[in-house]
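The chain contents come next:
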Amino acid sequence: MINNKLENFDVGTFNPFAQEIIEKNITDFNAAFINNNGILEKSLVYLLCGNNLGYKGPKGTGKNVCAEQLANILDIKPFNMTMAADVTKDELIGTYAIKADGTTGMEMSEMLKAVIGGNLLILDEVNALQPGAAMWFHSLTDGRRYLEVPGIGLIHVHPQTRFIFTMNEGDGYAGTREINEAFEDRFQSIVFTSNPESLVNTTGISVDDAKSFFKYYQVFYSAVYNADDMARIDEKYISQRAFIRAGQLWAAGMVDTIHDAVVQTLVEPITDVETKEVVENLIRLHYH
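Residues numbered from 1 in each chain as written. Predicted model: local features only at pLDDT ≥ 70, side-chain atom pairs only at ≥ 80, totals over all residues. Heavy atoms only, no water.

A. Geometry of the overall build of the protein. Within the protein one finds 13 helices and 9 strands. Relative to its full complement of 288 residues, the protein shows a buried share of 46%. Pairs at least 24 residues apart make up 69% of the contacts formed inside the protein by residues separated by at least 6 positions. In the form shown here, the protein has an accessible surface area of approximately 14,400 Å², with 49% of it arising from carbon and sulfur atoms. (Helix = DSSP H or I, 4+ residues; strand = E, 2+ residues; numbered from the N terminus. Buried < 20%, exposed > 50% of the residue type's maximum accessible area, 1.4 Å probe, protein only. Contact = heavy atoms within 4.5 Å. Areas by Shrake-Rupley, 256 points an atom, 1.4 Å probe, with all protein chains shown as cover.)

B. Representation of unusual backbone geometry in the model. Residue Asp75 is not a glycine yet carries a positive backbone phi of 55°. By the secondary structure assignment, Asp75 is in the loop between helix H3 (63-73) and strand E2 (78-82). Phi at Glu125 is positive, roughly 55°, even though this residue is not glycine. With respect to the helices and strands, Glu125 occurs in the loop between strand E5 (120-124) and helix H6 (131-134).

C. Seen up close, the pairing of E2. Of the two faces of E2, only the one carrying Phe79 and Met81 is buried; Pro78, Asn80 and Thr82 on the other face are not. As defined by bridge partners, E2 adjoins E5 across 5 bridges and the pair is classed as parallel. Bridge pairing links Thr82 to Asp124 in E5. (Pairing = 2+ DSSP bridges.)

D. Just the pairing of strand E1 (residues 53-57), in detail. The element E1 is extensively covered by neighbouring structure, given that 5 of its 5 residues are classed as buried. Burial along E1 is two-sided: Leu53, Tyr55 and Gly57 and Gly54 and Lys56, pointing in opposite directions, are all buried. Of the pairings in the sheet, the one linking E1 to strand E8 (residues 162-168) comprises 5 bridges and is parallel in character. From the neighbouring strand, Leu53 faces E8, where its bridge partner is Ile164. Pairing between E1 and strand E9 (residues 188-191): 4 bridges, direction parallel. Note on E9: the bridge partner recorded for Tyr55 is Ile190.

E. Summary view of the packing of helix H2 (residues 39-48) against H3. In contact at an axis separation of 11 Å, H2 and H3 are set at 60° when each is read in the N-to-C sense. The pairing of H2 with H3 is recorded here as oblique in orientation. Handedness of the crossing formed by H2 with H3: right-handed. Two secondary-structure elements touch here, H2 through Ile39, Leu40, Ser43, Leu44 and Leu47 and H3 through Cys66, Gln69, Leu70 and Ile73. (Axes fitted to C-alpha atoms, helices over the stretch in contact; angles between N-to-C directions. Parallel < 35°, antiparallel > 145°, perpendicular 65-115°, else oblique. Left-handed = near helix turned anticlockwise from the far one by under 90°.)

F. Structural view of the packing of helix H11 (residues 240-251) against helix H12 (residues 258-267). Between H11 and H12, the shortest axis-to-axis distance is 9 Å and the interhelical angle comes to 135°. Our classification of the angle between H11 and H12 gives oblique. Handedness of the crossing formed by H11 with H12: right-handed. Contact residues: H11 offers Ala242, Phe243, Arg245, Ala246, Leu249 and Trp250, while H12 offers Ile258, Ala261, Val262, Gln264, Thr265 and Leu266. By residue class, the composition of the contact of H11 with H12 is 9 nonpolar, 2 polar and 1 charged. (Nonpolar A, V, L, I, M, F, W, Y, C, P; charged D, E, K, R; others polar.)

Structure below.
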């Protein structure tokens, strides 16, 4: 247990302290998080120094899994909440309700209970949140670390509480918008990317094979983010998770070639005929 060390952390002791808690706790976490570019260590530094984190990047690159892993390493209870466009003020701070004694009063939200309880709050899809709702996080996530709630009073953030928001970047997500600058400034941004290390660590395939898979990933990535309107495909057709599944097929000897693994996992499931043709042409252009 390392609870409460977040508020008393000495930056100069980070390296041995971080290694100790990673070695003790990371093996107990079942989900496969790929620690690309030392994101786990960077995140620990920021959290231990009192910062909140903003995780950005393409879907399937491990943002939420990394946040859950950090909660595991730090032995802090995670609280997950999806920041959908229809999230209301009542869901964020609380609502009037009939209490056990029959009286009516303000009932604190589950989110605020997590805030005062020392949890790691993981705010998913934060770029879908309405700007008016985002303002309720301002005083909770800056130096003030409190919130005046009508009907309840002053809510103080537990010294251990940290916030991590996650967001998938790109134009393919309906209902998303630019994050409020005042909100984003309260979080240290960390960008997630994909690389061959993911497949090596997750599936056990060779580095050379992982690089071959990653070339296919780059073709899909370019078609999603860099292509002109005629050749662009939707973000839902690319995912690091799908490439990991393709790597698992290859590692298990279920396909004859890496190309077959990619086709079976990412191309064959596409039901839209035009999109499927675009993807097949892209792969044919690069590999045949």
